[in-house]
Amino acid sequence: MTRVLVVDDEPQILRALRINLRVRGYEVHVAATGAEALEVAGRYPPDLVILDLGLPDLEGVEVIQGLRGWTRAPIIVLSGRADSVDKVEALDAGADDYITKPFGVEELLARMRAAVRRTGAAEDLPRIRLGDLVVDLAAKRVTRQAAVPAGSAGAADAGGPAAQGDDIRLTPTEWHLLEVLLRNPGKLLSRNQLLTEVWGPGYADATGNLRLYMAQLRRKLEPDPHRPRWLITEPGMGYRYQPSPEPDAG
């Protein structure tokens, strides 16, 4: 089921879109402010965003920039601003399409379908290998593949890793943090950027949260959490996901 986030400060539009989209089989979440939109997106990462530019707290462009730091989900701007300057600014910030109010629901639905086709369905999201782990971003699942052949004495005697096919359970916040990192391979992400994108604008100084969740991810995903291979700390700056230099042996 495609998850849609609708962001608009007009209650009647939120209500109308929530009803129309749910009837058509979409999972719908709504937000009336920019800060709420970033918070909801963090809890329920959207497959598509419908965004009004005229929000009471943040400019719509700021919301686009916040989302684009960690997600490639299509963003369709739905705004009463018809000026071409506003359209260009929104598209340059990372929006995929722009519809001017008033609008027709059928046109919006067609634009949504086209945006999803262009960016790829959820099933097209990558599967990433971390040693003997496979991270499936579409299914939001981490599965351990046998690090040594099944039945080998070495695995049994050492207590070995979990059996092939076992899932590594992550909390929603751990998932969100991991997804932000994996979608930016090799890129340094600052602590403030990660905190804002995962926890929301009010948590930019909550560095303890970030250290705690990074430690939890390393315990679950890294062979040696104290000497991480993939989830790297850049002291005084932030964190990065460092892909393996070559594909891991199957």
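Described below are features of the structure shown in this document.

Rules and cut-offs
- Residues numbered from 1 in each chain as written.
- Predicted model: local features only at pLDDT ≥ 70, side-chain atom pairs only at ≥ 80, totals over all residues.
- Heavy atoms only, no water.
- Pairing = 2+ DSSP bridges.
- Helix = DSSP H or I, 4+ residues; strand = E, 2+ residues; numbered from the N terminus.
- Expected span 1.5 Å × (residues − 1).
- Buried < 20%, exposed > 50% of the residue type's maximum accessible area, 1.4 Å probe, protein only.
- Axes fitted to C-alpha atoms, helices over the stretch in contact; angles between N-to-C directions.
- Parallel < 35°, antiparallel > 145°, perpendicular 65-115°, else oblique.
- Contact = heavy atoms within 4.5 Å.
- Nonpolar A, V, L, I, M, F, W, Y, C, P; charged D, E, K, R; others polar.

Considerations on the pairing of strand S5 (residues 97–100)
Each regular strand carries side chains that alternate between the two faces of the sheet.
Consideration 1: One ladder, built from four bridges, connects strand S4 (residues 75–79) with S5; its direction is parallel. Paired with leucine 78 across the bridge in S5 is isoleucine 99.

Side note on helix H9 (residues 207–221)
Consideration 1: For H9, which comprises 15 residues, the first-to-last C-alpha distance of 21 Å matches the rise-based estimate of 21 Å (1.5 Å per residue) to within 8%.
Consideration 2: Buried within H9 are the following residues: Leu210, Tyr213, Met214, Gln216, Leu217, Arg218 and Leu221.

Section: the packing of helix H8 (residues 191–198) against H9
Consideration 1: Put simply, H8 and H9 touch, their axes get as near as 10 Å, and they point 85° apart. Of the possible angle classes, the one that applies to H8 and H9 is roughly perpendicular. Of the residues in H9, those in contact with Arg191, Leu194 and Leu195 of H8 are Thr207, Asn209 and Leu210.
Consideration 2: Considered class by class, the residues forming the contact of H8 with H9 number three nonpolar, two polar and one charged.

Things to note about helix H7 (residues 172–182)
Consideration 1: Among the eleven residues in H7, nine count as buried, and that is most of the element.
Consideration 2: Glu174, Trp175, His176, Leu177, Leu178, Glu179, Val180, Leu181 and Leu182 are the residues of H7 that are buried.

Quick notes on the sheet that holds S4
Consideration 1: Ordered in space as S2-S1-S3-S4-S5, the five strands form an open sheet in which the pairing is parallel. For this open sheet the edge positions go to strand S2 (27–31) and S5, each flanked by a neighbour on one side alone. Here the strands of the sheet are splayed against their neighbours by 20° on average, with no regard to which way each runs.
Consideration 2: As paired elements, strand S1 (residues 3–7) and S2 share five bridges and run parallel to each other. When the sheet's bridge partners are listed, valine 7 is paired in S2 with alanine 31.
Consideration 3: The strands that helix H2 (residues 34–43) touches are S1 and S2; relative to S2, the one it contacts most, it runs at about 150°.
Consideration 4: Strand contacts of helix H4 (residues 84–93): S4 and S5, with the helix running at about 150° to S5, the strand carrying the most contacts.

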